[in-house]
Structures are given as C-alpha cells and as structure tokens.
Amino acid sequence: MLTNLRIRRFAKGIFLLLTLSMIASVSGFGQRGSTETIDATAFGTSTQLGRNFGVKIIIYEFSSPEDRDILVQAFQQGQNDGLVNALEKMKSVGRITMPGTLGFDLSYIREILTPTGRTIRFVTNRKIAFGEAYWSTQTKSFNLTAGEINLNDSDKSKSDGVLFPAAQLIVNKEGELQFELNQNA
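Residues numbered from 1 in each chain as written. Predicted model: local features only at pLDDT ≥ 70, side-chain atom pairs only at ≥ 80, totals over all residues. Heavy atoms only, no water.

A. A look at unusual backbone geometry. Residue Gln-79 is not a glycine yet carries a positive backbone phi of 55°. Position of Gln-79 among the secondary structure elements: in helix H2 (residues 65–89). On the basis of relative accessibility, which here comes to 40%, the residue Gln-79 falls in the partly exposed class. (Helix = DSSP H or I, 4+ residues; strand = E, 2+ residues; numbered from the N terminus. Buried < 20%, exposed > 50% of the residue type's maximum accessible area, 1.4 Å probe, protein only.)

Here it is as structure tokens:
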C-alpha cells in the first residue's frame, strides 16, 4: 500500500514536470512575432537556372543595423570569404526555397522604405553541393545567394526583383561593390 502511494506521487510529479515543460515550450515558441511570406516567379538565365521557377521567401524578422556593420567589417577584412564566414555565424532571420532545394536559412534581410513601397534585400551563404566540394569545381567560389525585391504598394504589377542563386561579392575596377555571377565556362 505504501509502495503504491509512492508510485502515484512519483507519477504525479513526473506528469506535473512534463506539463510545466510543455507549457513553457509552447509560450516560448514563435517569439519572433508574425512572419511575412513573399511568393514570386523568377526566370533564370544561362547557368542561373534558365527557366521559370517559383521562389518563396519567409521573413521572420529584419536584420539590425549592427548586423549590417558586422557584415561590412567582415567584407573589409576578408573580402568574399570574410563575408561568408560572418554570415555563417549569424542567426537565421528568414528562409528561402527554390526548386531542387529543401530551402535554406537567410542570414541577413534588410528592409528599405521607398516612395512607392519598399525594397527588401537579402544575402546568405549558399550551400555547396557534395559534387562541387568533392570535385572542387570553380562554382565553389560562388558561395553566396543574394537578391533584391522591389515591392510597389500602389500597383502590385510593377513589383519586381532580382535573385542571384550563385554569386560572389567583389570590388570592381571603379571601387564599387558588385555581385559576380556564375557564368558558363
């Protein structure tokens, strides 16, 4: 009889502990607030997919100005590789899915207000495929995915954007930053 009472108390204690931990995890889940989803149709050219395909961008939150400063400093110190390393250390602020991928996290997303709406810019490190790494192909150096979406609030049909699925950031001859894209050999 005493053993049954101890077992019941122990079971109640375990049940109470599980219930409290479930309640704590549910209230902590989704603390980032509401998400924004952008569905787009893109047309790729040449080695950048060469067909129509769907792109979905899910924004959990926008990156802070401090995140931008970290990326600028990383690029100044280590060029494209420094930027990739800094992006790998950042927390996910969104997600992008494209055909042929399960999708991957976006490390940096910035919102810029414009007279007609807003512009959303994003950049993240591109997942290098096993074959690229194994054969050490030249596409391994194009280790960024970036894009810009111009949203027009007054006329949705005038919204547009650009996606760079395989790119690297360089400084051109004029000293300006530019994305260099993976080209046909």
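B. Layout of a nonpolar patch on the surface. Taken together, the side chains of Phe-130, Tyr-134 and Trp-135 make up a nonpolar region of the molecular surface, amounting to roughly 490 Å² of accessible area. Along the polypeptide, Tyr-134 turns up in helix H3 (residues 130–135). (Patch = residues over 30% accessible without salt bridge, like charges linked within 9 Å, V, L, I, M, F, W, Y side chains within 5 Å. Areas by Shrake-Rupley, 256 points an atom, 1.4 Å probe, with all protein chains shown as cover. Salt bridge = Lys/Arg side-chain N within 4 Å of Asp/Glu carboxyl O.)

C. Local environment of the nonpolar core. Core analysis: the largest hydrophobic core is formed by 17 residues, its most contacted members being Ile-38, Val-55, Ile-57, Ile-96, Ile-109, Phe-122 and Leu-163. For this core, the secondary-structure elements that each account for two or more residues are strand S1 (36–43), strand S2 (52–59), strand S4 (104–106), strand S6 (117–125) and strand S7 (144–152). Ranked by residue count, the leading element in this core is S2, at four residues. For Leu-163, the contacting residues outside a window of four places in its chain are Phe-53, Val-55, Ile-96, Met-98, Phe-122, Thr-145, Ala-146 and Gly-147. (Core = buried A, V, L, I, M, F, W, Y, C linked by side-chain atoms within 4.5 Å. Contact = heavy atoms within 4.5 Å.)

D. Molecular detail of the pairing of strand S3 (residues 94–97). Only one face of S3 is covered, namely the face carrying Gly-94 and Ile-96; the face carrying Arg-95 and Thr-97 is uncovered. Bridge count between S2 and S3: four bridges; the pairing is antiparallel. Its bridge partner being in S3, Ile-58 is matched across the sheet by Arg-95. Of the pairings in the sheet, the one linking S3 to S4 comprises three bridges and is antiparallel in character. Bridge pairing links Ile-96 to Phe-104 in S4. Where S3 folds back onto S4 in an antiparallel hairpin, the turn is made up of six residues, including Gly-100, whose phi is positive at roughly 80°. (Pairing = 2+ DSSP bridges.)

E. Main features of the sheet that holds S3. Ordered in space as S1-S2-S3-S4, the four strands form an open sheet in which the pairing is antiparallel. The sheet is open, and its two edges are formed by S1 and S4, each paired on a single side. On average, each strand axis in the sheet is tilted by 25° relative to the strand beside it, whichever way the strands run. One ladder, built from eight bridges, connects S1 with S2; its direction is antiparallel. Across the sheet, the residue bridging to Ala-40 is Val-55, located in S2. (Axes fitted to C-alpha atoms, helices over the stretch in contact; angles between N-to-C directions.)

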